[in-house]
Amino acid sequence: MKETIIKVENLYAGYNSKAIMEDLCFDVKKGEIFVILGGSGCGKSTVLKHMTGLVPPVSGKILINGTDMVTAEGEKRNRLLQTIGVAFQNGALFGSMTVLENIMLPLEEYTSLPKDAIKAIAMIKLKLVNMEDSAYLLPDELSGGMKKRAAIARAMALDPAILFLDEPSAGLDPLTSASLDSLIMNLAEVLNISFVIVTHELESILTIADNTIILEKKTKGIIARGKPKDLKADKSNPYAYKFFNRNEGKAGFDIRQ
Amino acid sequence: MPQSNIDAPRVSLDTTDNAVTLVLSGRIDADGCAAVWKKTSEFIIKKTENLSGIPPFILNLENVNYFDTAGAALVSNINGLAKKKGWDKISIKGLNPEYSSLVKLSLDIDPLIHVENHSASLSFIEKKGDEFSDFLSDLGLFITFIGEITWALFTSLKQPFRIRWHETFVVAEKTGVDALPIVSLISFIVGLVMAFQAAIPMKMFGAEIYVANLIGIAMVRELGPLMTAIVLAGRSASAFAAEIGTMKINEEIDALTVMGFDPVKFLIVPRVIASTFITPLLTVFANLMGILGGALVILAFGYPIITYYNQIAGFVTWEDFAGGIVKCFVFGILIAATGCIKGYQTKQGPSAVGESTTSAVVSSIILIAVFDGIFSVVYYCLGI
């Protein structure tokens, strides 16, 4: 049994003390690819923001390696933040720096390594995401898929134990998306990193996810959890079944009637 | 955090005739690497100097109890240095299988051979030439744009109902009404300070009442319009540039174009109209506030307010006032046009909006100063 790295307990997610998700409880294991699913606007990204410490939740605990992200402050919080990496939806690379400098930045700030060591580490990260040829390009000069890969490389700069990815394959073509999937699986295997991913891409979820939860707006909670393949086959949970077999659902007014 | 003995990163190098063995032990993460990086390089460079042949290079990782990409960078560096010293390859001993893929990856990379920065460095003359050609093309674009705006204004005047009046009034409120406090404050202070500074030397000649003439003419002809225009350049030209620049980056302007709208008519004309009519109105306030500031000083010198009023009313003519206001129409056009054009020319990238905002403020202030000079010469020739 793998050890638990993130433990979310009774989390009420939302802004300004208004909860949009209530009483969420789930665990993420070490080296696991964990996917948070749910309809648009159900609060997936909010949960991710709580987990990465960007926005405090309404209430609840988010234990990362046993330390609560919600209450951690000062040096403790800083140390905690160094154990996680976040790749944002649009990359959020710093536009005035080259890709290499983007990755070197956290290493320069948080370690006492000599400059050539930092450069070498950054080059390894770029090699890991297969972007070593783009080291000296500015983010503006990258395509969407490259930006996401560079963002993952930057998120990995300090060898975090957990990587959070917000919609990594949104807006990518199937080939790029597939290569990103294999990159994620590769990293989970090689570096034993745990991934927490928010995504909509069914194909990618079925390929990469070890475990998943589906959030639903109406019930304000987790409507299904488990391995995606099991959920896809399980007809006893209609919402989850519809989610994974999307052809069977119908939405909106049918103009033909 | 206190490190236990096993965790402490260590490095040692044994050289015999049969083998060169580099032993790494402990926790080889970023901190561990930082501790042993320099030592490792020194060992490989110095301790292998007196070797007679090239015995096999062995990297012993038996006692490494943690290894991540920082460690991989160290191994890659060791590999690179060893290659430089003549070894074809290094063999790795005692590797924990958990880390084997990372080590394999590190041996694939040679950190000493970096991809070089492709952008060629330019000489001083090339750089200046580049800047000058940029300046010329900017100037060309600016003139073209002024033409485009003028044309859009004329065609809009033919069909005034097509002008977006609602947006025009919203912009007028933002640039005009909302700017009233700052324009009033600055003009009041300018009037007050100028009157005070002038009154001290003039008092020596018993001529302090003529401060009224000075304030009246200076505010109405020159300082009122100029201060208003500069405040608006800082406040509104920058806002226009940022607003339109952000729209450009978000492809909103492209969206307007493909919907068949003319972005110049849609975005720029309302702003130019609003700014053109609001600047003279603000200037009237600025003049008044400046004169009030002067009044405060005159009152402090013991003159009644009516004396101050009569002095100004008898000296400042309607031509002076009209001359100041006419200038403001031109300043208004300049401020809006510069702000909008700079916004419209925003390039891609996160710093682009900042650059166009700065350039909008700088350019509009320069244009205001230049046109103010032109007006002074023209008024002088016309005898106003």
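Residues numbered from 1 in each chain as written. Chains lettered and ligands numbered in written order. Predicted model: local features only at pLDDT ≥ 70, side-chain atom pairs only at ≥ 80, totals over all residues. Heavy atoms only, no water.

Colleague: Would you explain the nonpolar core in this entry?
Modeller: When a protein is soluble and globular, its nonpolar side chains tend to lie buried together. The biggest cluster of nonpolar side chains holds 90 residues, and the ones touching the most others in it are A:Ile152 and A:Phe195. Take this core: its biggest share by element is nine residues, from helix α4 (residues 115–128) of chain A. When residues no more than four places from it in sequence are discounted, the contact partners of A:Ile152 are A:Ala87, A:Val129, A:Leu163, A:Leu165, A:Leu180, A:Leu183 and A:Leu187. Judged by nonpolar contacts, the second largest core, of 40 residues, contains B:Ala172, B:Ala237, B:Leu267 and B:Leu367. (Core = buried A, V, L, I, M, F, W, Y, C linked by side-chain atoms within 4.5 Å. Buried < 20%, exposed > 50% of the residue type's maximum accessible area, 1.4 Å probe, protein only. Helix = DSSP H or I, 4+ residues; strand = E, 2+ residues; numbered from the N terminus. Contact = heavy atoms within 4.5 Å.)

Colleague: Explain the interface of chain B and chain A to me, please; I cannot follow it from the model alone.
Modeller: Frequently, the measure chosen for interface size is the accessible area removed from exposure when the parts meet. The interface is formed by 23 residues belonging to chain B together with 21 residues belonging to chain A. Surface buried jointly by chain B and chain A totals about 2100 Å² across both partners, of which 73% is contributed by carbon and sulfur atoms. Counting across the interface, chain B meets chain A through zero salt bridges. The interface formed by chain B and chain A holds two residue pairs in polar contact (both at pLDDT 80 or more) in total. Mapped by element, the contributors of at least two residues to the side of chain B that touches chain A are α1 (30–47), α2 (69–84) and α3 (100–108) of chain B. (Buried area = accessible area lost by both parts, 1.4 Å probe. Salt bridge = Lys/Arg side-chain N within 4 Å of Asp/Glu carboxyl O. Polar contact = N/O pair within 3.5 Å; in protein donor to acceptor, adjacent residues only side chain to side chain.)

Colleague: Explain the packing of helix α7 (residues 211–249) of chain B against helix α11 (residues 318–344) of chain B to me, please; I cannot follow it from the model alone.
Modeller: Helix-helix packing is described using two parameters, namely the angle between the two axes and the distance between the axes. All names here are of chain B. For the pair α7 and α11, interaxial distance at closest approach is 7 Å and the crossing angle is 15°. Viewed along their axes, α7 and α11 adopt a mutual orientation that is roughly parallel. Crossing geometry of α7 relative to α11 is assigned as right-handed. Residues belonging to the contact of α7 with α11 are distributed by class as follows: 18 nonpolar, four polar and six charged. (Axes fitted to C-alpha atoms, helices over the stretch in contact; angles between N-to-C directions. Parallel < 35°, antiparallel > 145°, perpendicular 65-115°, else oblique. Left-handed = near helix turned anticlockwise from the far one by under 90°. Nonpolar A, V, L, I, M, F, W, Y, C, P; charged D, E, K, R; others polar.)

Colleague: Quick question: what am I supposed to make of the packing of aromatic side chains here?
Modeller: We describe a pair of aromatic rings using the distance from one ring centre to the other and the angle between the two ring planes. Residues and elements named next belong to chain B. Throughout the structure, instances matching the rule amount to ten aromatic pairs over all chains. On the basis of an interplanar angle of 80° and a centroid distance of 5.0 Å, the ring pair of phenylalanine 57 and tryptophan 87 is categorised as edge-to-face. With phenylalanine 57 in strand β3 (residues 57–67) and tryptophan 87 in the loop between α2 and β4 (90–93), this residue pair connects regions lying 30 residues apart in the sequence. By relative accessible area, phenylalanine 57 is classed as buried at 1%. We classify tryptophan 87 as buried; its relative accessible area is 7%. Ring centres 6.0 Å apart and planes at 85° place the aromatic pair phenylalanine 277 and phenylalanine 329 in the edge-to-face group. Of this pair, phenylalanine 277 sits in helix α9 (residues 263–300) while phenylalanine 329 sits in helix α11, placing them 52 residues apart in sequence. Note on phenylalanine 329: relative accessible area 32%, which makes it partly exposed. Between arginine 27 and the ring centre of tyrosine 66, over which it is positioned, the NZ or CZ distance is 4.2 Å. It is arginine 164 that lies over the ring of phenylalanine 266; its NZ or CZ is 3.8 Å from the centre. (Phe/Tyr/Trp six-rings, centres within 6.5 Å; stacked < 30°, edge-to-face > 60°. Lys NZ or Arg CZ within 6 Å of the ring centre and 35° of its normal.)

Colleague: Explanation requested: the packing of α11(B) against helix α12 (residues 352–382) of chain B in the structure shown.
Modeller: Residues and elements named next belong to chain B. At a closest axis distance of 9 Å, the pairing of α11 and α12 adopts a crossing angle of 155°. What the angle tells us is that α11 and α12 run roughly antiparallel. The crossing of α11 and α12 is right-handed. Seen from α11, the contacting residues are Gly323, Val326, Lys327, Val330, Phe331, Leu334, Ile335, Thr338, Gly339 and Lys342; seen from α12, they are Ser356, Ser359, Ala360, Ser363, Ser364, Leu367, Ile368, Phe371, Asp372, Phe375 and Tyr379. Here the residues of the contact of α11 with α12 sort into eleven nonpolar, seven polar and three charged.

Colleague: Which parts of the structure should I look at to understand α3(B)?
Modeller: In an α-helix, one turn spans 3.6 residues, which is why side chains three or four residues apart end up on the same side. Among all positions of α3(B), only B:Leu102, B:Val103, B:Leu105 and B:Ser106 are buried. Within α3(B), the buried residues cover an arc of 160° as seen down the axis, which keeps them to one side. Along α3(B), exposed side chains directed more than 90 degrees from the buried face belong to B:Lys104 and B:Asp108. Elements in contact with the buried residues of α3(B): α4 and α6 (174–190) of chain A together with β3, α2 and β4 of chain B. (Arc of directions from axis to C-beta.)

Colleague: Help me understand the confidence of the model for chain A in this model?
Modeller: Reading fine detail from the predicted coordinates is not recommended where pLDDT is low. Mean pLDDT over chain A: 85, with 96% of residues reaching 70 or higher. Across chain A, the secondary-structure element scoring lowest on mean pLDDT is helix α9 (residues 238–244) of chain A, at 79, and the one scoring highest is strand β8 (residues 194–198) of chain A, at 92. (pLDDT = per-residue confidence, 0-100.)

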